[in-house]
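Architecture at a glance
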Amino acid sequence: MKHKIEGFLDLVRQRNGLEPEFLQAVEEVAETVIPYIVQHDIYHGKNILLRMVEPERAVMFRVNWVDDSGEIQVNRGYRIQMNSAIGPYKGGLRFHPTVNMSILKFLAFEQVFKNSLTTLPMGGGKGGSDFDPKGKSDNEIMRFCHAFMSELFRHIGPNTDIPAGDIGVGGREIGFLFGMYKKLKNEFTGVLTGKGVTWGGSLIRPEATGYGTVYFAQKMLQTKGNDIKGKTVTISGSGNVAQFAAEKVLQLGGKVITLSDSSGYIVDDNGIDEEKLAYVMDLKNNKRGRISAYVEAYPSARFFPNKTPWGELCDIALPCATQNELDESDAKTLLDNGCVCVSEGANMPSTKEAIVLFQRAKILFAPGKASNAGGVATSGLEMTQNSLRYNWTRKEVDDKLKEIMGNIHDKCIKYGKDEKTGYIDYVKGANIAGFVKVADAMLAQGVV
Ligand code: NDP
Ligand code: 2IT
C-alpha cells in the first residue's frame, strides 16, 4: 500500500513541485483514499484520483485598477475550476497578498470533497487575487472588485460557476462584484452567494461557517457524552468565521478566551462575552481595526504580538484564521494542556504533523472539509432560494444547516469509525465519503 501511495504522490509532485500547499492537501487525501480505492474494484484502475488532482480549467488574468492617488495598480486574478462532476463549480474568492496557484489549488481541491459532503449538488472551485484589501479605501475596494469582475464574468454563471467569499472577501466585496456582473450580463441571477438579504442573499449565510464549525464540535463531543456548556474555548482569527464561531460557543454556554489576527492574539481570562464580541465585530467589520485594540477597551485582557493562541489552557480549540496556523509544537502544547477537541473553522489550519499528534492521542479532531462545510452548504441553500425566487426564515435555514452538519458527522462515522476500538477518524471518514460521491459521478459520465 505504501508504495502505491508514494507512486501516486511522486507523479503529483513531479507535476506540481512548486506548489507545497496543494501537495499537502493531496497527500492527506491520497493516504486515506488510495487504500479505499484498492479495496473497491469499481474505483480500481480508473485513475480517478489522478483525474481529480488536475483542475478541469484554471484561468489567470490581469487586473488593472487606479488607486486613490491616481496610480495604476496591477494585480493577478485567478479562478480554479476543479471538478464539476456533481454540480457547477462552487467555492470562494480570496483576496490576500499570499494568494497564488498553490494556495488556490489546495483550496479548490479541498472544496471538491467538502461540497460533496454537504449532500448538495455542487462541484468545487476557488479563486481570488494577490490584492491586499488592508488599508484600502472603500472606493479602492470598489474599483478593484469591478476590475476583477470585468474579466471573471466571462468564466462564471449561475449554472456554471458560483463564487462566494473567503479571506478578504465579505459582504462589501460581494456587493461590488455582483454589481459589475449584473451590469455586464444585464441579468439578475444567483451567480454569487453571500449577497445582502435584500438582494438575493440568504439569512444565516454570514453566520453559517462559524456556527457550523461549532455544531460539528458539539456533535463530536456528544459521541463522548460531552457538551460545549462550561468548556473553555480558544479561537484564532477575528474575521467572519471566528466571530460567528465565538457567538455560537457563547449561545451554547461555553467560554471563549482568545481571538487573533495576523498581528497577534488577545486573551481575556474573564471570557469574551456578548458585549465584548459586539465590540470586536464593530472593530473588525466597520472600523477595520486591529485586534490589539481590544486590550485598550478591556484592560484586563492581554495582547501577545506575533503569536498564536494555542499556548492558552483550553478544552476546545477552533482554528479559524488560515492554513498551517497550528503546527506540531502547538498540537503538543494543546494536548499537554488537556485539550480534548479541535474543530477546524479555517481550511487546512493544522499541519500534517499536528494532525498526526491529535490522532495518536485519539482526541476529537475534525478536518475543515467536514467541520467548516456549513458555509458552502448555506451558500447552496442561498442558490436554492434564488432558483425558487423565495426566502426561507432564519430558523428554516439554521435548521437545515444543523441537519447538514449532522449528516456530515454521520458520514464521517460511516467511513471513518474503527469498529474494534470505536475511534472515529474524521479525516479518513470525510475524505472517503467526499470521494465516493464524486467518483461515482465521474464513472457514470465516462472519460470527459
Ligand atoms: P476573514 O478575512 O473574515 O478573516 C480572516 C481572519 O484570519 C482575520 O482575522 C485575519 O487577520 C486572519 N488571518 C488571515 N491570514 C492570516 C495569516 N496569514 N496569519 C494570521 N492570521 C491571518 O476570512 P474568513 O473568516 O472568511 O476566513 C477564515 C478561514 O476560514 C480561511 O481559512 C477560509 O478559507 C476559511 N473558510 C471561510 C469560509 C467563509 O464562508 N468565509 C467558509 C469555510 C472556510 P488579518 O485581518 O490580520 O489578516
Ligand atoms: O472555503 C469555503 O468553503 C468558502 N470559502 C465558502 C465557499 C462558498 O461558496 O460559500
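Residues numbered from 1 in each chain as written. Chains lettered and ligands numbered in written order. Predicted model: local features only at pLDDT ≥ 70, side-chain atom pairs only at ≥ 80, totals over all residues. Heavy atoms only, no water.

**Things to note about the sheet that holds strand β2 (residues 72-83)**
Judged by pairing direction, the sheet is mixed, and its 5 strands sit side by side in the order β1-β2-β4-β3-β5 without closing on themselves. Looking at strand neighbours, the two that pair on one side only are β1 (57-66) and β5 (161-164), the edges of this open sheet. The mean angle between the axes of side-by-side strands here comes to 20°, regardless of whether they run parallel or antiparallel. Lying on the sheet, helix α5 (residues 138-152) is in contact with β1, β2, β3 (89-95), β4 (124-129) and β5; it crosses β1 at an angle near 140°. (Pairing = 2+ DSSP bridges. Helix = DSSP H or I, 4+ residues; strand = E, 2+ residues; numbered from the N terminus. Axes fitted to C-alpha atoms, helices over the stretch in contact; angles between N-to-C directions. Contact = heavy atoms within 4.5 Å.)

**A few points about the site of ligand 1**
Taken together, 25 residues are adjacent to ligand 1, and D166, T209, S262, R290 and N347 come closest. Between R205 and ligand 1, the recorded distance is 2.9 Å, taken from a side-chain N or O atom to an oxygen atom. The separation between an oxygen atom of ligand 1 and a polar main-chain atom of V241 is 3.0 Å. Surface burial for ligand 1 is 83%, taken as the share of its 880 Å² of free accessible area covered by protein chains. (Near = heavy atom within 4 Å. Polar contact = N/O pair within 3.5 Å; in protein donor to acceptor, adjacent residues only side chain to side chain. Areas by Shrake-Rupley, 256 points an atom, 1.4 Å probe, with all protein chains shown as cover.)

**With respect to the site of ligand 2**
Taken together, 14 residues form the shell around ligand 2, and within it K90, K114, K126, D166 and S379 come nearest. Here K90 contributes a side-chain N or O atom positioned 2.6 Å from an oxygen atom of ligand 2. In the model, an oxygen atom of ligand 2 is placed 3.1 Å from a nitrogen or oxygen of the N347 side chain. Each residue belonging to the shell around ligand 2 can be placed in one class, and the counts come to 2 nonpolar, 7 polar and 5 charged. (Nonpolar A, V, L, I, M, F, W, Y, C, P; charged D, E, K, R; others polar.)

**Details of the packing of aromatic side chains**
Applying the stated criterion to the full structure yields 23 aromatic pairs. Among the aromatic residues, those joined into a cluster by ring pairs are F61, W65, F95, F131, F144 and F148. Between K276 and the ring centre of Y298, over which it is positioned, the NZ or CZ distance is 5.6 Å. (Phe/Tyr/Trp six-rings, centres within 6.5 Å; stacked < 30°, edge-to-face > 60°. Lys NZ or Arg CZ within 6 Å of the ring centre and 35° of its normal.)

**A closer look at unusual backbone geometry**
Positive phi, close to 50°, is recorded for N47, a residue that is not glycine. With respect to the helices and strands, N47 occurs in the loop between α2 (20-39) and α3 (48-52). The exposure class assigned to N47 is exposed, which follows from its relative accessible area of 51%. At I204, a residue that is not glycine, the phi angle is positive and equals roughly 75°. Mapped onto the fold, I204 is located in the loop between α6 (171-185) and α7 (205-222). Judged by relative accessible area, which is 2%, I204 ranks as buried. (Buried < 20%, exposed > 50% of the residue type's maximum accessible area, 1.4 Å probe, protein only.)

**Focus on the pattern of salt bridges**
Within this structure, the stated rule accounts for 26 salt bridges. For R15, the salt bridge goes to E54, with nearest N and O atoms at 3.5 Å. Note that R15 is positioned in helix α1 (residues 2-15) and E54 in the loop between α3 and β1, a separation of 39 residues in sequence. The exposure class assigned to R15 is exposed, which follows from its relative accessible area of 59%. Take E54: its relative accessible area is 33%, and that puts it in the partly exposed class. Here D282 and K287 are joined by a salt bridge, their closest N and O atoms 2.3 Å apart. Here D282 falls in the partly exposed class, since its relative accessible area comes to 27%. Three or more residues are tied together by salt bridges with common partners; here these are E6, D10, R13, E27, E31 and K352. (Salt bridge = Lys/Arg side-chain N within 4 Å of Asp/Glu carboxyl O.)

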